[in-house]
Amino acid sequence: MNGILRQIGTLICVCLFLCCSFKPSYGNETKTVLVAVDLSASTQAHRNDYIRYFRLILDAMCEGDVLMVTPITIHPSSQQSLAFNAVQYEKASIFQNRKKVQEANFMRSLNALHAFQELMKSSANQTPIIEVTKHCERLFSQFQTDRHILVYFSDMLEWSPYSFNFESMKPVFNKRVAQQAFQKTKSEGHIANLKGVKVYVVGARCFEPERYQAVKWFWTEYFAAAKAIFDPINYGTDLISFNECNPGATCNSYLKDEFDKKLSIPDN
């Protein structure tokens, strides 16, 4: 009798061990994506593009991920930093109905898309990109995920009373002026801590080619000093792709048809 009880006890222990150690095959790596949105007048003509880019990001959000959106505005630390509440995607366990979790996450994305569309009706007078970037570390620290990704929807023309106006600096904002601006930014302690953060820049544009290249040089140096993971190929006008689905995870891309049915995004 004691032998049978010992065998039953051993079987129970094995089952408990397997349940506790089991990890779903659809992936365990999670990410936090923070989208910093430029609402200055120079971006008004590109707001529908921003909505499309946001859709690409939503397609890449997976179970267990977090999505945040912060407007690039003055003094983000003294007001509500986020444009709307952070979107936390539920992660299904072996005890949950997988379809219900997917449906709930779909609604989270749909609500985020509607909120983002409302945000696109807003405007801001200045573009303190450096100031907002310094607050990214605090925003990322609110959630424990494996990866951090920062996406700018902006022309990257810094404009605030505390730094520079990349758009109006004369003579033309060239590389020499960009070097001076970077050294001043660095010496005054305005480099953010983006260690391990992957960066995308979408919407970068400027009428003057020399100014565009100088602005790109400034931000490339800035992200390097901030210890970010930044490839210059991810700096440009358009977001061609956002291949950030977690390995093996179920992302929202399978919901593309449902998105298209429920929401029509206008053309420019």
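First things first, this report covers the structure right here in the doc. (Residues numbered from 1 in each chain as written. Predicted model: local features only at pLDDT ≥ 70, side-chain atom pairs only at ≥ 80, totals over all residues. Heavy atoms only, no water.)

**Some thoughts on the packing of aromatic side chains**
- Scanning the model with the defined rule gives 18 aromatic pairs in all.
- Consider the rings of Phe116 and Phe153, whose centres lie 6.0 Å apart with planes at 85°: the pair is edge-to-face. In this pair, Phe116 sits in helix H3 (residues 98-119) while Phe153 sits in strand S4 (residues 147-153), placing the two residues 37 residues apart along the sequence.
- Taking relative accessible area as the criterion, Phe116 reaches 0% and is therefore assigned buried.
- Since its relative accessible area comes to 0%, Phe153 is described here as buried.
- Among the aromatic residues, ring-to-ring pairing joins Tyr152, Phe166, Phe173, Phe182, Trp217, Phe218, Trp219, Tyr222, Phe223 and Phe230 into one connected group. (Phe/Tyr/Trp six-rings, centres within 6.5 Å; stacked < 30°, edge-to-face > 60°. Helix = DSSP H or I, 4+ residues; strand = E, 2+ residues; numbered from the N terminus. Buried < 20%, exposed > 50% of the residue type's maximum accessible area, 1.4 Å probe, protein only.)

**Thoughts on the packing of helix H2 (residues 47-59) against H3**
- Remark: H2 packs on H3, axes separated minimally by 10 Å, with the N-to-C direction vectors making an angle of 160°. Between H2 and H3, the crossing angle belongs to the class labelled roughly antiparallel. Where H2 crosses over H3, the two elements pack in a sense that is right-handed. Counted together, Arg47, Tyr50, Ile51, Phe54, Arg55 and Leu58 of H2 and Ser109, Ala112, Leu113, Phe116, Gln117 and Leu119 of H3 form the full contact between these two elements. (Axes fitted to C-alpha atoms, helices over the stretch in contact; angles between N-to-C directions. Parallel < 35°, antiparallel > 145°, perpendicular 65-115°, else oblique. Left-handed = near helix turned anticlockwise from the far one by under 90°. Contact = heavy atoms within 4.5 Å.)

**Points about unusual backbone geometry**
- Even without being a glycine, Met156 presents a positive backbone phi close to 65°.
- Examined against the element boundaries, Met156 turns out to sit in the loop between S4 and helix H6 (175-187).
- Residue classification places Met156 among the buried positions, given a relative accessible area of 0%.
- For Lys227, which is not glycine, the phi torsion reads 70° and is therefore positive.
- For Lys227, the location among the structural elements is in the loop between helix H7 (209-225) and strand S6 (235-236).

**Some details on the packing of H6 against H7**
- Look at H6 against H7: their axes get within 8 Å of each other, and the N-to-C directions meet at 30°. Viewed along their axes, H6 and H7 adopt a mutual orientation that is roughly parallel. The chirality of how H6 crosses H7 is right-handed. Contact residues: H6 offers Lys175, Ala178, Gln179, Ala181, Phe182 and Thr185, while H7 offers Ala214, Trp217, Phe218, Glu221, Tyr222 and Ala225.
- In terms of residue class, the contact of H6 with H7 is built from 8 nonpolar, 2 polar and 2 charged. (Nonpolar A, V, L, I, M, F, W, Y, C, P; charged D, E, K, R; others polar.)

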